[in-house]
Amino acid sequence: MALYGSIEGGGTKFVCAVGSTPTDLRAEVQFPTTNPEETLGRATAFFEGRGPLDAIGVAMFGPLDLDRQSPTYGHITATPKAGWSEADIVGPLFDAYRIPIGIDTDVNGAALGEGRWGAGEGLSTFVYITVGTGIGGGVVVNGSPLHGLVHPEIGHIRVPRIPGDTFPGTCPFHGDCLEGLASGPAIAARWGRPAKELGAETAQAVEMAAQPLGFAMANLVLALSPERIIIGGGVMQLPGLLEATRRQMLGALGDYVGSAALDRGACAYVVGPKLGGASGIAGGLVLAERAAYLLQ
Ligand code: ADP
Ligand code: ZN
């Protein structure tokens with residue numbers, strides 16, 4: 001059986017593992033994300049002596065250059081995260097091991113992981129969204145992660161505002177895009193404290209987050225026709241938010257899309273992830289396998 005390296009490169013921590021499936025990991029390590037040289041150095045060193053590996057897959061925070069023809073393929077592009085703009089992610093790994101290196105966004109990676117072993121099993125076209133410190137989304141189309149101009153940036157979809165709502169939103173680029181209205185920091189800014197400390201205001205906060213989330217999902221349904229939407233992240237732990245988001249999505253669609261999958265309140269259509277914290281490492285394994293088979 002093939003043996004792969006997997007890296008989940010997050011803004012606060014890196015997780016590295018060796019294995020072939022999420023239930024068969026031979027070794028795993030976590031360390032804080034510092035500067036690119038030190039962090040990628042630790043990731044590279046972790047794989048030393050744990051091979052031979054057939055490939056390494058990286059599910060990486062972005063934005064990323066995923067254009068194979070580009071001289072900066074596999075680099076981060078411009079990120080607000082200090083020190084990481086233009087960082088070469090693939091180069092140091094390839095130079096160290098000379099094996100195929102797969103890379104994709106953290107959310108495309110998580111989508112692939114959920115597609116292989118989790119809530120997207122058996123599907124070919126689906127969306128994975130995480131609602132946390134930021135909002136991100138990965139898209140799998142006909143079994144492959146969607147790239148194009150760059151890669152999907154679902155967190156920054158523009159959504160209609162609740163009439164009369166004047167909260168400006170927290171996105172430094174757009175103000176009241178989806179992330180600016182419904183991310184954890186957006187909820188904290190609107191209410192003056194973190195989402196999980198809201199108490200009596202929780203029900204109203206849930207409705208105000210569900211509206212933009214539901215509209216964004218309706219737009220995804222209309223644009224991509226996914227077979228399912230998987231939605232996770234810390235904010236989705238708010239009681240009732242998943243149900244309210246489904247309801248808002250269906251309201252925004254207005255019975256236009258005729259599919260039995262949307263019946264019964266879309267409870268089997270908009271679902272939580274199955275792999276929880278393991279979706280990123282699972283995604284890295286799928287990305288490694290895709291790289292080994294020269295898929296991208
Ligand atoms: P990250 O996005 O940083 O990778 P998470 O997906 O855990 O990590 O999201 C963190 C965000 O989720 C924070 O803004 C936090 O306030 C929020 N959050 C975490 N737990 C809860 C909870 N139980 N209820 C509501 N919000 C939560
Ligand atoms: Zn934005």
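The rules behind the values
Residues numbered from 1 in each chain as written. Chains lettered and ligands numbered in written order. Predicted model: local features only at pLDDT ≥ 70, side-chain atom pairs only at ≥ 80, totals over all residues. Heavy atoms only, no water. Helix = DSSP H or I, 4+ residues; strand = E, 2+ residues; numbered from the N terminus. Rg over C-alpha atoms; globule rule 2.2 N^0.38 Å. Contact = heavy atoms within 4.5 Å. Areas by Shrake-Rupley, 256 points an atom, 1.4 Å probe, with all protein chains shown as cover. Lys, Arg positive; Asp, Glu negative; His and termini not counted. Charge placed at Lys NZ, Arg CZ, Asp CG, Glu CD. Salt bridge = Lys/Arg side-chain N within 4 Å of Asp/Glu carboxyl O. Buried < 20%, exposed > 50% of the residue type's maximum accessible area, 1.4 Å probe, protein only. Domains from an automatic or database assignment. Buried area = accessible area lost by both parts, 1.4 Å probe. Polar contact = N/O pair within 3.5 Å; in protein donor to acceptor, adjacent residues only side chain to side chain. Nonpolar A, V, L, I, M, F, W, Y, C, P; charged D, E, K, R; others polar. Expected span 1.5 Å × (residues − 1).

### With respect to the overall build of the protein
Assigned secondary structure in the protein consists of eight helices and 10 strands. Over its C-alpha atoms the protein spans a radius of gyration of 19 Å, differing by no more than 12% from the 19 Å that the globule rule assigns to 296 residues. Taking the principal axes of its C-alpha atoms as reference, the protein extends roughly 60 × 40 × 35 Å. Contacts spanning at least 24 positions in sequence make up 62% of the contacts within the protein whose residues lie at least 6 apart. Summed over its atoms, the accessible surface of the protein is roughly 13100 Å², and 54% of this surface lies on carbon and sulfur atoms. Averaging the positions of the 19 positive and the 28 negative side-chain charges in the protein gives two centres separated by 4 Å.

### Some details on the pattern of salt bridges
The full count for this structure, using the stated rule, is nine salt bridges. A salt bridge links R161 to D176, with the shortest nitrogen-to-oxygen separation between them at 2.7 Å. Of this pair, R161 sits in the loop between β8 (144-145) and α4 (178-182) while D176 sits in the loop between β8 and α4; the two residues are 15 residues apart in sequence, bridging distant segments of the chain. With a relative accessible area of 24%, R161 lands in the partly exposed category. Through salt bridges with shared partners, a single ionic network connects R158, R161, D165, D176 and R190.

### Digging into the domain arrangement of the protein
Structurally, the protein comprises domain 1 (4-109 + 276-294) and domain 2 (120-271). One C-alpha centre belongs to domain 1, the other to domain 2, and the line joining them spans 27 Å. Contact residues are listed per partner, giving nine residues for domain 1 and 14 residues for domain 2. Of the roughly 880 Å² buried at the junction of domain 1 and domain 2 (both faces included), carbon and sulfur atoms supply 55%. Put simply, domain 1 and domain 2 have six residue pairs in polar contact (both at pLDDT 80 or more) between them. Of all the elements in the fold, those that place two or more residues in the side of domain 1 that touches domain 2 are β5 (101-105), α3 (106-117) and α8 (279-292). For the side of domain 1 that touches domain 2, the per-class residue count stands at four nonpolar, three polar and two charged.

### Observations regarding the side chain of D104
Along the chain, D104 falls in strand β5. It turns out D104 is buried and unbridged, and the closest side chain with the opposite charge, R290, is 6.6 Å from it. Side chain to side chain, D104 and N108 meet in a polar contact 2.9 Å long. If near-sequence neighbours (up to four positions away) are discounted, D104 is found in contact with V58, A59, M60, L64, L66, P145, H147 and L287.

### Observations regarding helix α7 (residues 241-253)
Taking 1.5 Å per residue as the helical rise, α7 with its 13 residues ought to reach 18 Å, and the 18 Å between its terminal C-alpha atoms agrees with that figure. The complete set of buried residues in α7 reads L241, L242, A244, T245, R246, Q248, M249 and L253. As for α7, its buried residues are in contact with α6 (202-224), β9 (229-232) and β10 (270-271). Downstream of α7 by one or two residues, G254 has phi in the positive range, about 55°.

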